[in-house]
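A closer look at the structure
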Amino acid sequence: MIAVLAGALIVQPLAVPGWGALTGVHSVIAAEAVSISKTGEDIITSGAKLLSYTYSVPRSGKTATGMASVVQVDLTNPNVKLDVMTGRGGKFTTLQTVSGMAKETGAVAGVNGDYFNTAADGVPMGAQVSDGVLMTSPSELNGMYAFGVTKARKPIIDQYSFNGTVKAADGSTFALAGINQASYTTETNKTLSHADAMYIYTDVWGNAERPKNSATTPSEALVEKGVVTQVSLGKALPGTVPAGAYILRAHGKAAAYMKDHLPVGAQVQADYKLVSKTTGQPLDPSSLDVMIGGHTILVDNGKAASFSRSTSSIGGYRARTAVGYSQSGQYAYIVTVQDNDSSSGMSLTELQSLMVSLGVWKGINLDGGGSTTMVTRPLGEQQAQLTFTTEYGGQTQRAVVNGLGVYTLAPAGQLKGFAISGKKQLLIGESASYSVKGYDTYYNPMAASDISPTWKLSNANAAMSGGTLTAKKPGSVTLTALSGGVQSTLQVEVLGADSLTSLNLGAATAPLKAGASVTLNAAATLKSGETVSIDPASLKWEFVGFKGSIKDGTLNVTSVDSGAKVGYAIASYEGFKTMLTLTDAAETDWENFENATYPVTFTGTPSGVSGQAQVQAGTGTHSNSKVLRIDYDMTQGTGNKYAYANLNGSSGKTLTSGASSMSLDVLGDSSYNWLRAEVIGADGKTVYLDLAKTLNFTGWKTLSVNLNQYGNIAYPAKLKRIYVVNLAEGQDERAAKGAVEIDNIKTSAPAGSSSLGLPSGITANMTVGSKTLLVNGRSSAMDAAPVVRNGSTYLPVKYITDSFGGSSGWDAKTGSITVRRGDKLLVLNLNKKDYILNGVRKTSTSAPISVSNRSLVPIRLVSEQLGLRVKWEQETKTATIES
């Protein structure tokens, strides 16, 4: 970051992700040994395999478990090679996902690569070589290692520096500082990288600015075919570097040399090489097939090595990416560790233990956390696919500067076999098509149109008709295809309710009137973090208060029951339920900022966070509207960082009473930060709304928030502030500076509690051991008295719904209790602490129990989830419930 104050140039070094302030050799804290078990081995192509592992490791007195995916490449196999993948179109400054780079370059497998400064141009900070061409030079940073493979197919790992010169026609020379580098502060001399320095920028540099935020005034010379064709002193040349040419970028002493020795028409020669920091020996880039930069060394001589630089900024238990090779040099190992709902991530010391267990002789750390992504090509498929869910969940991937790709060099072969292509996970009732795809003797895809397989299933969890499989019951089923004496199998998992964490219909409310219809974008979120779409017709439906149907993804209201003021569409997936409430709900333009007269202020936490929040004219498609804009700078301070836009000072703006959903237009900044809102209920409790878990988009986007999923918001409630969050963990992977805009905030709410048929002003008292229930002072008898178990008070749920409105039901087959009150649907299971509220799985400290063949529920849990207030008098052991 560069700031000019009172005419003096004050330069602050850019934050370099993953690079701590300390340098030199750092000791390793011994980690518990990681135990691994191989769960799969899949051929990707001739010379490359995908190895799948589960792991367990003692951690703070408990056992952490997870999954690791490893691509093993046989460097002695002439049919496979490693190479770098770079941005879009092979250019720096153009970030792209690993999937995108693999698709663009034809890689059969790939992972994310080098560290990069998220606030800079989008360039790797280490050396990068592709087919003998040095694309970037290593930065002057200590303890940074690189991995490479020579043209003799020998793997190497070492620290490298750059050595180069420019020689003019008059025989004079000037030292080159590097190739295609972003601006940074060197660790060697603590100086600005581009001050008094000369750099080469080639046609793989995508931006017209070379580089951003250098704090230096450039002089540039365009060199084409070894001859200077343009010179611009004190000013950058316009446009990008022409194909096949390069630009010499100079400042200070280097600019003076350019002025004196490199006029237009002069011949010029650039020579450069890499130099091992370990041995001092030069390394000609033309001798390399590939090189990619990384961070600290992890493994050396088959043992955990001392870290070569501080790892404090990349600590914690995160997703990891690493690369190394075997003692013989025959195998390269591309190692990833997952961090998602199914895997707990790893510390760097645990990663060292894993790599040693895998047989890595020497290995280094690559960029990790949210960057960790692996793609691999299944047999018979044309393109590589995401191997596992990233830290962002689902199919979401971070755009990165480069990656390490695996490529096939094999010629076309003969048909060797075929693989089954189709979904590996199905919901009950879901149907999917399956086909076979052929692969040749080198395990590369080839046409298999003449194969007509016979299909077989291992059990009745699914049914097969032609090439269509329909899921019937939860569990796994093996699908087998047979043709000409050759067979292939695929394991398909039919997902039960236990696999779900949420069930979302895509709408929270709908109008209760004949002829009304609402589009349902139904989706389930799995425990793996993946979100899968659901055909609403495959769900089991119950309509209350109206007659209706589900067709083509739409709920249609045929007629409304006589006297019904509210209706419910209850959807169930194997007992996992959610609900759509139908009322005379209305959408309200809660805030479009056109006439916002209340004050909007900015607050940064910690104090180093700066910025501003204001109502102003929008940008892009909202240029004719007023918007709320939050500009933030989080380059200073430590820990979690927050940039708040406070509405109406610190008091907030009143939300629509009983709002069940909210939508808003957001202009994203692709910062990967978190956008949230803070709501203060009438009871003083704070509710934090997730507006965008990840700001991974640019341009305007409409976001929807289901307010029901946050439990009970006590109205009248106020939306106090909207803010951007940059969490401490993985902070180096997100942009520290940016701006977002918000417009057109709308809310939807039922007409009111009376329209939901709920009585108000009710107070019920019940005492442990007594069968007397007092409702507004009137007593009635209960057939079971409240009891206390493990600090929680229990009673039959019917006495709550009878007193405060709603209904309840018991399913003896599944041991589940379903309670509906107003727009709340609660599902509890006997002896299980998990419960489902409006389609979201949650966990309590207590569970329903059975006493004398009666199912009893925790009073506080059920009452509060249904929007009621509970008070407990310890002396009399009396519970008071109020609406």
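Residues numbered from 1 in each chain as written. Predicted model: local features only at pLDDT ≥ 70, side-chain atom pairs only at ≥ 80, totals over all residues. Heavy atoms only, no water.

**Digging into the overall build of the protein**
Along the protein, the regular secondary structure elements total five helices and 77 strands. For a compact globule of 883 residues, the expected C-alpha radius of gyration is about 29 Å, and the protein comes in at 32 Å, within 12% of that figure. Along the first, second and third principal axes, the C-alpha set of the protein runs to 105 × 80 × 55 Å. For the protein, the proportion of its 883 residues judged to be buried stands at 54%. In the protein, the proportion of contacts linking residues at least 24 apart, taken out of those at least 6 apart, comes to 66%. For the protein, the accessible area works out to roughly 36,300 Å², and carbon and sulfur atoms hold 47% of it. Distance from the positive charge centre (74 side chains) to the negative charge centre (66 side chains) of the protein: 5 Å. (Helix = DSSP H or I, 4+ residues; strand = E, 2+ residues; numbered from the N terminus. Rg over C-alpha atoms; globule rule 2.2 N^0.38 Å. Buried < 20%, exposed > 50% of the residue type's maximum accessible area, 1.4 Å probe, protein only. Contact = heavy atoms within 4.5 Å. Areas by Shrake-Rupley, 256 points an atom, 1.4 Å probe, with all protein chains shown as cover. Lys, Arg positive; Asp, Glu negative; His and termini not counted. Charge placed at Lys NZ, Arg CZ, Asp CG, Glu CD.)

**Considering the pattern of salt bridges**
Using the criterion set out here, one finds 26 salt bridges in the structure. Between aspartate 823 and lysine 824 there is a salt bridge, with the nearest N and O atoms lying 3.2 Å from each other. Residue classification places aspartate 823 among the buried residues on the basis of a relative accessible area of 13%. Taken together, the salt bridges that share partners define one network made up of Lys38, Glu41 and Lys49. (Salt bridge = Lys/Arg side-chain N within 4 Å of Asp/Glu carboxyl O.)

**Some thoughts on the environment of aspartate 561**
Among the secondary structure elements, aspartate 561 is positioned in the loop between strand S49 (554-560) and strand S50 (567-573). The class for aspartate 561 is partly exposed, based on a relative accessible area of 27%. Contact partners of aspartate 561, with chain neighbours within four places excluded, come to Gly545, Phe546 and Lys547. There is a polar contact of 3.5 Å between the side chain of aspartate 561 and the backbone nitrogen of phenylalanine 546. (Polar contact = N/O pair within 3.5 Å; in protein donor to acceptor, adjacent residues only side chain to side chain.)

**Section: the sheet that holds strand S37 (residues 454-457)**
Here we have four strands laid out as an open sheet, ordered S33-S41-S40-S37, and mixed in their pairing. Each having just a single partner strand, strand S33 (425-427) and S37 make up the two edges of the open sheet. Strand-to-strand twist across the sheet, computed as the mean angle between neighbouring axes with direction ignored, equals 30°. By the bridge criterion, four bridges tie S37 to strand S40 (residues 475-483) in an arrangement that is antiparallel. Each bridged residue has a counterpart across the sheet, and for tryptophan 455 the counterpart in S40 is alanine 481. (Pairing = 2+ DSSP bridges. Axes fitted to C-alpha atoms, helices over the stretch in contact; angles between N-to-C directions.)

**A word on the pairing of strand S64 (residues 763-767)**
Burial along S64 is one-sided: Ala764 and Met766 are buried, and none of Thr763, Asn765 and Thr767, which face the opposite way, are. Looking at chain direction, S64 and strand S77 (residues 878-882) are connected through five bridges and run antiparallel. Bridging from a neighbouring strand, asparagine 765 pairs with threonine 880 of S77. Of the pairings in the sheet, the one linking S64 to strand S65 (residues 772-775) comprises three bridges and is antiparallel in character.

**Points about the environment of valine 71**
Mapping valine 71 onto the fold places it in strand S5 (residues 62-74). Judged by relative accessible area, valine 71 falls into the buried class, the value being 2%. Placed 252 residues apart in sequence, valine 71 and valine 323 show a C-alpha to C-alpha distance of 9.6 Å. When near neighbours in sequence (up to four residues on either side) are disregarded, valine 71 contacts Ile44, Lys49, Leu50, Ala109, Ala332, Tyr333, Ile334, Met374, Thr376 and Val406.

**Focus: the nonpolar core**
Grouped together as the largest cluster of nonpolar side chains are 50 residues, with contacts concentrated most on Tyr434 and Leu580. For this core, the leading source of residues is strand S41 (residues 486-495), giving four residues. Other than its neighbours up to four places away in sequence, tyrosine 434 contacts Ile420, Ser421, Gly422, Lys423, Leu426, Trp455, Met464, Gly467, Leu469, Leu479, Leu490 and Val492. Counting 43 residues, the second largest nonpolar core, distinct from the first, contains Phe92, Ile297, Tyr325 and Leu404. (Core = buried A, V, L, I, M, F, W, Y, C linked by side-chain atoms within 4.5 Å.)

**Digging into the confidence of the model for the protein**
Here the protein averages 90 in pLDDT, while 94% of its residues score no lower than 70. Per-residue pLDDT stays below 50 along residues 1-25; that stretch engages in 60 contacts with residues further than four places along the chain or on separate chains. (pLDDT = per-residue confidence, 0-100.)

**Here we look at the sheet that holds strand S28 (residues 362-366)**
Strand order across the open sheet formed by eight strands is S3-S4-S5-S25-S24-S28-S22-S23, with antiparallel pairing between neighbours. Bordering the open sheet on either side are strand S3 (35-45) and strand S23 (303-304), each of which pairs with just one other strand.

**Here's the deal with empty space enclosed by the protein**
The tally for this structure, following the rule as stated, stands at four cavities of 30 Å³ or more. The space that makes up the largest cavity amounts to roughly 130 Å³. Forming the walls of the largest cavity are 16 residues, and the residues nearest its centre are Gly126, Ala127, Pro138, Met144 and Tyr160. Looking at the lining of the largest cavity, its residues break down into nine nonpolar, five polar and two charged. (1 Å grid on protein atoms, 1.4 Å probe; cavity = no way out; pocket = protein on both sides within 12 Å on 5 of 7 lines; lining within 4 Å. Points joined across faces, edges and corners; volume = space filled by probe spheres on them. Nonpolar A, V, L, I, M, F, W, Y, C, P; charged D, E, K, R; others polar.)

**Notes on helix H3 (residues 348-358)**
The buried fraction of H3 is high, at nine of 11 residues. Among the residues of H3, Leu348, Thr349, Glu350, Leu351, Gln352, Ser353, Leu354, Met355 and Leu358 are the ones counted as buried. Count one or two residues on from H3 and you reach glycine 359, which has phi positive near 100°.

**A word on the packing of aromatic side chains**
Under the criterion given, the structure shown has 11 aromatic pairs. Seen from their ring centres, tryptophan 541 and phenylalanine 543 are 6.1 Å apart, and the 35° between their planes marks the pair as tilted. Note on tyrosine 642 and tyrosine 644: the rings are 5.8 Å apart at their centroids and 10° apart in plane angle, and the pair reads as stacked. Residue tyrosine 644 is classed as buried on the basis of its relative accessible area of 9%. Joined through ring pairs, the aromatic side chains of Tyr199, Tyr201 and Trp205 make up one cluster. A cation over an aromatic ring shows up here: arginine 721 above the ring of tyrosine 644, its NZ or CZ 3.8 Å from the ring centre. (Phe/Tyr/Trp six-rings, centres within 6.5 Å; stacked < 30°, edge-to-face > 60°. Lys NZ or Arg CZ within 6 Å of the ring centre and 35° of its normal.)

**A look at the environment of serine 449**
Note that serine 449 resides in the loop between strand S36 (445-446) and S37. For the pair serine 449 and alanine 399, spaced 50 residues apart in sequence, the C-alpha separation works out to 36 Å.

**A short note on unusual backbone geometry**
The omega torsion across threonine 605 and proline 606 is -5°, close enough to zero to call that bond cis. By the element assignment, proline 606 lies in the loop between strand S53 (600-605) and strand S54 (610-617). Residue tyrosine 715 is joined to proline 716 through a cis peptide bond whose omega torsion reads 5°. Structurally, the position occupied by proline 716 is in the loop between strand S61 (698-706) and strand S62 (718-726). Even without a glycine there, the phi angle at aspartate 196 is positive, about 55°. Of note, the phi angle at asparagine 838 is positive, near 50°, even though the residue is not glycine.

**So, helix H2 (residues 253-261)**
Residues three or four positions apart in an α-helix share a direction because the helix packs 3.6 residues into each turn. For H2, the complete set of buried residues consists of Ala254, Ala255, Tyr257 and Met258. Each buried residue of H2 sits inside an arc of 155° when the element is viewed along its axis, so together they form one side. Pointing more than 90 degrees away from the buried face of H2 are the exposed residues Lys253, Lys259 and Asp260. Where the residues of H2 are buried, they touch strand S12 (160-168), strand S13 (173-176), strand S15 (198-202), strand S16 (219-224) and strand S18 (246-250). (Arc of directions from axis to C-beta.)

**Observations concerning the side chain of histidine 622**
Its place among the elements puts histidine 622 in the loop between S54 and strand S55 (626-633). In this structure histidine 622 touches Val627, Asp665, Trp700, Asp743 and Asn744, once residues within four positions along its chain are discounted.

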